[in-house]
Amino acid sequence: MTEKIKWVLNRMPKSDDKYLGVMSTGNVEKAQTFHRSFPQYAVTPLARLDGMAAHLGLGSLCVKDESYRFGLNAFKVLGGSFAMARYIAGELGRDVSELSYDYLTSPDFRRDFGQATFFTATDGNHGRGVAWAANKLGQKAVVHMPKGSAKSRFDNIAREGAQVTIEEVNYDDCVRMAAAEAARTENGVVVQDTAWEGYEEIPSWIMQGYGTMAGEAAEQLGEKPTHVFVQAGVGSLAGAVVGCFASLYPDNPPKFVVMEARSADCLYQGALAGDGRPRMVGGDLRTIMAGLACGEPNTISWDILRNHADAFVSCPDWVSAKGMRMLAAPMKGDPAVTSGESGAVGMGVISTLMEDDAYQEARNALELDRNSRVLMFSTEGDTDPEQYRKIVWGGEYPSE
């Protein structure tokens, strides 16, 4: 029997919401200005799936397609590059608005700043983004990947000139490894998209970098979405997207639905407990959604989500596989979207909620109907091409 999607409405007590300002419109605009200075910059497409929306009984369905981002097939570079720029700006005693791509890749910059080593842990996309940015800026990068990481993702990072390893531990232990090595290294800096006590500044900058994607989507939509579906690993992306749209529409925000992989559903577990305290999930965190295989929440994001998310959803792997196939083979007239395992879970969730009457209670609670304008984020393309084909062509992880 197919494992069911689990969901819970957010009934947690509110906090003082002190982190929402991280994703203020001013901070997001600063990140957008920085990214626009890159010669590789282009606004990624917003795929309007009108045929799919009609089929599912929605007013509209739009998918932000990050497979085009900087030629790196994923959105993560937005966070790592902006955080590195913010760090460098601080070391130079300047504001990040003064640091364009042209300056950061110039001999003047190398003379002014010298060289640092940026350490990170990754399931693939974040590490590739950090390695790419370090390469462009003449810096060093050291990247640790958890056991089971795909060779294609390892190779993509190595091609950017980073020192990269696959370790025999899970993602959260790789984070601890990267942080410890950075602390022992002269001019070592850990660039991680999860926050913990005492390590909050760089993760907040990474989230602001992700705001470039959310800000683009808001501009492309031209009107407020009624629902935003966003996936979560440690929650940095989810906190960034929710924080950005909550700041854009403070008086009447969209409904926010946060989705996780079943084996790493720490945010869902926190919401289920309902007391406002974060929860952690341990073990191997095995899932095809490698980018979501994180068991310990970002404390900044958790606080934003606790205050602003409407529902948390825990998803078996078939949900993502279903979404990948639907986006690859769309309704007639709709554009196809090449969406990887961590990118397509929103499509799987949305279609299942709308079509399966076992989830009618969730559909009603979230007020999903023909008046709904739904936005989701396909955060990666086929970053593991072999796995992508096995799922989309070969039918692995069926939903029945």
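Here goes a summary of the coordinates provided. All figures in this text were calculated on a predicted structure; none of them were measured in a lab. (Residues numbered from 1 in each chain as written. Predicted model: local features only at pLDDT ≥ 70, side-chain atom pairs only at ≥ 80, totals over all residues. Heavy atoms only, no water.)

A count of helical and extended segments in the protein chain gives 16 helices and 11 strands. Computed over C-alpha atoms, the radius of gyration of the protein chain comes to 20 Å, within 12% of the 21 Å expected from 2.2 N^0.38 for 400 residues, which places it in the range of a compact globule. Seen along its three principal axes, the alpha-carbon backbone of the protein chain occupies a region of about 60 × 45 × 45 Å. The buried share of the protein chain, reckoned over its 400 residues, is 62%. Within the protein chain, contacts between residues separated by at least 24 positions form 75% of all contacts whose residues are at least 6 apart in sequence. When the accessible surface of the protein chain is split by element, carbon and sulfur atoms take 46% of a total near 15,100 Å². When the 39 positive and 52 negative side-chain charges of the protein chain are each reduced to one mean point, those points stand 2 Å apart. (Helix = DSSP H or I, 4+ residues; strand = E, 2+ residues; numbered from the N terminus. Rg over C-alpha atoms; globule rule 2.2 N^0.38 Å. Buried < 20%, exposed > 50% of the residue type's maximum accessible area, 1.4 Å probe, protein only. Contact = heavy atoms within 4.5 Å. Areas by Shrake-Rupley, 256 points an atom, 1.4 Å probe, with all protein chains shown as cover. Lys, Arg positive; Asp, Glu negative; His and termini not counted. Charge placed at Lys NZ, Arg CZ, Asp CG, Glu CD.)

On to the sheet that holds strand 5 (residues 140–145), then. The strands that make up a sheet are held in pairs by hydrogen bonds between backbone atoms, and each pair lies either parallel or antiparallel. If you walk across this open sheet you meet the four strands as 6-5-4-7, and the pairing is parallel. Either end of the sheet is taken by a strand with one partner, and the two such strands are strand 6 (163–166) and strand 7 (188–190). On average, each strand axis in the sheet is tilted by 15 degrees relative to the strand beside it, whichever way the strands run. Judged from the three bridges that link them, strand 4 (residues 117–121) and strand 7 form a sheet pairing that is parallel. Considered in strand 7, the bridge of T117 is made with G188. (Pairing = 2+ DSSP bridges. Axes fitted to C-alpha atoms, helices over the stretch in contact; angles between N-to-C directions.)

Turning to the pattern of salt bridges, a few remarks are in order. Counted by the stated rule, this structure contains 20 salt bridges. For E216, the salt bridge identified is with R69, shortest N-O distance 2.9 Å. Of this pair, E216 sits in helix 9 (residues 201–221) while R69 sits in the loop between strand 3 (60–65) and helix 3 (77–92), and the two are 147 residues apart along the sequence. A relative accessible area of 2% places E216 in the buried class. The buried category is assigned to R69, whose relative accessible area is 0%. For E98, the salt bridge identified is with R94, shortest N-O distance 3.5 Å. Owing to a relative accessible area of 30%, R94 belongs among the partly exposed residues under this scheme. A cluster of three or more residues bridged by salt bridges with shared partners is formed by K64, E66, R69 and E216. (Salt bridge = Lys/Arg side-chain N within 4 Å of Asp/Glu carboxyl O.)

Residue L285 is not a glycine yet carries a positive backbone phi of 55 degrees. Counting through the fold element by element, L285 comes out in the loop between helix 11 (266–273) and helix 12 (299–308). A relative accessible area of 6% means that L285 is categorised as buried.

With respect to the element layout, T120 can be found in strand 4. There is a polar contact of 2.7 Å between the side chain of T120 and the backbone oxygen of V191. In this structure the side chain of T120 is engaged in a polar contact, spanning 3.1 Å, whose partner is the side chain of Q192. Those residues in contact with T120, other than ones at most four positions away along the chain, are H126, G127, V130, V142, V143, H144, A178, V191 and Q192. (Polar contact = N/O pair within 3.5 Å; in protein donor to acceptor, adjacent residues only side chain to side chain.)

Direction vectors running N to C along helix 13 (residues 317–328) and helix 16 (residues 385–392) enclose 85 degrees, while the axes themselves pass 9 Å from each other. In terms of axis orientation, helix 13 runs roughly perpendicular to helix 16. For the pair helix 13 and helix 16, the contacting residues are A321, M324, R325 and A328 in the first and Y388, I391 and V392 in the second. A breakdown of the residues in the contact of helix 13 with helix 16 according to their chemical character gives six nonpolar, no polar and one charged. (Parallel < 35°, antiparallel > 145°, perpendicular 65-115°, else oblique. Nonpolar A, V, L, I, M, F, W, Y, C, P; charged D, E, K, R; others polar.)

As for its position among the elements, D275 is in the loop between helix 11 and helix 12. The exposure class of D275 is partly exposed, given its relative accessible area of 28%. Side-chain polar atoms of D275 contact the backbone nitrogen of R277, separated by 2.9 Å.

Within strand 11 (residues 373–378), five of the six residues are buried, which leaves the element mostly enclosed by the surrounding structure. The sheet contact formed by strand 3 and strand 11 spans six bridges and is parallel. Directly across from L61, in strand 11, lies its bridge partner V374. One ladder, built from three bridges, connects strand 8 (residues 227–231) with strand 11; its direction is parallel. By the bridge assignment, F229 is partnered in strand 11 with M376.

Looking now at the packing of helix 9 against helix 10 (residues 236–248). Orientation of helix 9 relative to helix 10, taken along the N-to-C sense of each, is 55 degrees, at an axis distance of 9 Å. By the angle between their axes, helix 9 is oblique relative to helix 10. The crossing of helix 9 and helix 10 is right-handed. Residue-level contacts link M207, Y210, M213, A214, G215 and A218 of helix 9 to S236, L237, G239, A240, V241, C244, F245 and L248 of helix 10. Residue composition of the contact of helix 9 with helix 10, by class: 11 nonpolar, three polar and no charged. (Left-handed = near helix turned anticlockwise from the far one by under 90°.)

With 14 residues, helix 8 (residues 171–184) extends 20 Å from end C-alpha to end C-alpha; this agrees with the ideal 20 Å at 1.5 Å per step. Summarising the contacts, the buried residues of helix 8 are in contact with strand 4, strand 5 and strand 7. For helix 8, the N-terminal capping position is held by N170, with its side-chain oxygen 3.2 Å away from the main-chain nitrogen of D172. (Expected span 1.5 Å × (residues − 1).)

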